[in-house]
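# Close look at the chain arrangement
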Amino acid sequence: MSSTAKDLTAGTAGGIAQVLVGQPFDIVKVRMQTAPAGTYTGMLHCAGGILKNEGPLAFYKGTLTPLLGIGVCVSIQFGALEYSKRYFARQNLLNGRGGKDGMALSSSQLFVSGMFAGLANGVVSGPVEHIRIRLQTQSATNPVYAGPFDAMKKISSSYGIAGIYKGQVVTLWREALGYGIYFWAYEKLMQREMAQKGIRRDQINPSHAVLYGAAAGYALWAVIYPIDMIKSRMQTDGFSPADGQKYKSTLDCVRTVWRTEGLPAFTRGLGPTLIRSPFANGATFLGFELASRLLNSL
């Protein structure tokens, strides 16, 4: 199996782990981000309302889309990341940098690699998250869409590819900036332990991958949460003025939310995100590292 195939397979394992662990928190976050101000008094009020009115399975509403889509997305993330890391390692070797194998990448190289991974991922994650958010926020008693494939069919037939990719501009901003920070933080922590202990990457305790993944997740959300909120607003907005469109563009969305709801709107739903983050991101990197070790041992 080629290095790229291994990276993609290990990334898929990480993506599946992320979805299974993080989905219940994610639906609470999205509901809080997109509901009118004052709908929920807090995270527990939102979660309790979902449980009472829709039942426990509602926390996994729309899971099929991310389970398939996020598996692909995280696969692309890690595939692109590792490809970029190998490219920079070759450049380092030619220039006598980065240690004996060139893999001790600089902070700028890691950040650019993360940005590349985020942009590559954004091509798929934009429509995947758009469909997921539509399913998560629709009425439980009178749903517009029967499922992810029905949503894709109805949206594409009415609004074309632009409808499927609604909110894509802000998605790409989020992915590039967020994953630049995300992978930089994780890889620097891994580099630090390898350098301090004089060990290989596959000798690092798997529990440390969980801790470093959790730290990287907090770094990610510290930077991108307001951008993510705008993305959620754009992806739950109407497609045209005829069906209730509120925002003409990403910039118009930012201005409108700031003017009508103020600064608190940009952090609404942060609680469940911060609770979800260490579990989901720790699971992602644990899944990737363990799958990588298994594939490299075959």
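Everything quoted here is computed from the prediction, not taken from an experiment. (Residues numbered from 1 in each chain as written. Predicted model: local features only at pLDDT ≥ 70, side-chain atom pairs only at ≥ 80, totals over all residues. Heavy atoms only, no water.)

Quick look at a nonpolar patch on the surface now. A contiguous nonpolar patch, built from Ile16, Leu20, Val21, Leu67, Ile275 and Phe279 and spanning about 460 Å² of accessible area, is present on the exposed surface. Considering every element that reaches the nonpolar patch, the biggest residue donor is helix H1 (residues 3-34), with 3 residues. Tracing the backbone through its elements, the reader meets Leu20 in helix H1. (Patch = residues over 30% accessible without salt bridge, like charges linked within 9 Å, V, L, I, M, F, W, Y side chains within 5 Å. Areas by Shrake-Rupley, 256 points an atom, 1.4 Å probe, with all protein chains shown as cover. Salt bridge = Lys/Arg side-chain N within 4 Å of Asp/Glu carboxyl O. Helix = DSSP H or I, 4+ residues; strand = E, 2+ residues; numbered from the N terminus.)

Interhelical geometry of H1 versus helix H2 (residues 43-54) gives an angle of 110° and a closest axis separation of 10 Å. As summarised for this structure, H1 and H2 are arranged roughly perpendicular, according to the angle between their axes. Residue-level contacts link Val28, Arg31 and Met32 of H1 to Met43, Cys46, Ala47, Ile50 and Glu54 of H2. Broken down by class, the residue content of the contact of H1 with H2 amounts to 6 nonpolar, no polar and 2 charged. (Axes fitted to C-alpha atoms, helices over the stretch in contact; angles between N-to-C directions. Parallel < 35°, antiparallel > 145°, perpendicular 65-115°, else oblique. Contact = heavy atoms within 4.5 Å. Nonpolar A, V, L, I, M, F, W, Y, C, P; charged D, E, K, R; others polar.)

Moving on to the nonpolar core. Grouped together as the largest cluster of nonpolar side chains are 28 residues, with contacts concentrated most on Ile70, Phe78, Tyr182, Phe183, Tyr186, Ala216 and Phe285. A per-element tally of this core places helix H7 (residues 206-236) first, with 7 residues. Not counting the four nearest positions on each side in its chain, Phe285 is found in contact with Phe78, Tyr182, Phe183, Tyr186, Ala209, Gly213 and Ala216. (Core = buried A, V, L, I, M, F, W, Y, C linked by side-chain atoms within 4.5 Å. Buried < 20%, exposed > 50% of the residue type's maximum accessible area, 1.4 Å probe, protein only.)

Roughly 960 Å³ of volume is contained in the largest pocket. Residue assignment for the lining of the largest pocket shows that the elements contributing at least two residues are H1, helix H3 (64-94), helix H6 (168-197) and helix H9 (270-297). The dominant element in the lining of the largest pocket, judged by the number of residues it contributes, is H9, at 5 residues. Taken together, the residues that form the lining of the largest pocket break down as 7 nonpolar, 7 polar and 13 charged. In this structure, the second largest pocket encloses a volume near 410 Å³. What lines the second largest pocket is a set of 17 residues, among which Thr34, Arg134, Thr137, Thr236 and Asp237 lie closest to the centre. The set of elements that each furnish at least two residues to the lining of the second largest pocket consists of helix H4 (107-137) and H7. Residue classes in the lining of the second largest pocket are distributed as 7 nonpolar, 5 polar and 5 charged. (1 Å grid on protein atoms, 1.4 Å probe; cavity = no way out; pocket = protein on both sides within 12 Å on 5 of 7 lines; lining within 4 Å. Points joined across faces, edges and corners; volume = space filled by probe spheres on them.)

Another point: the side chain of Gln168. Note that Gln168 resides in helix H6. Contacts of Gln168, omitting those with residues within four sequence positions, involve Gly122, Val123, Gly126 and Pro127.

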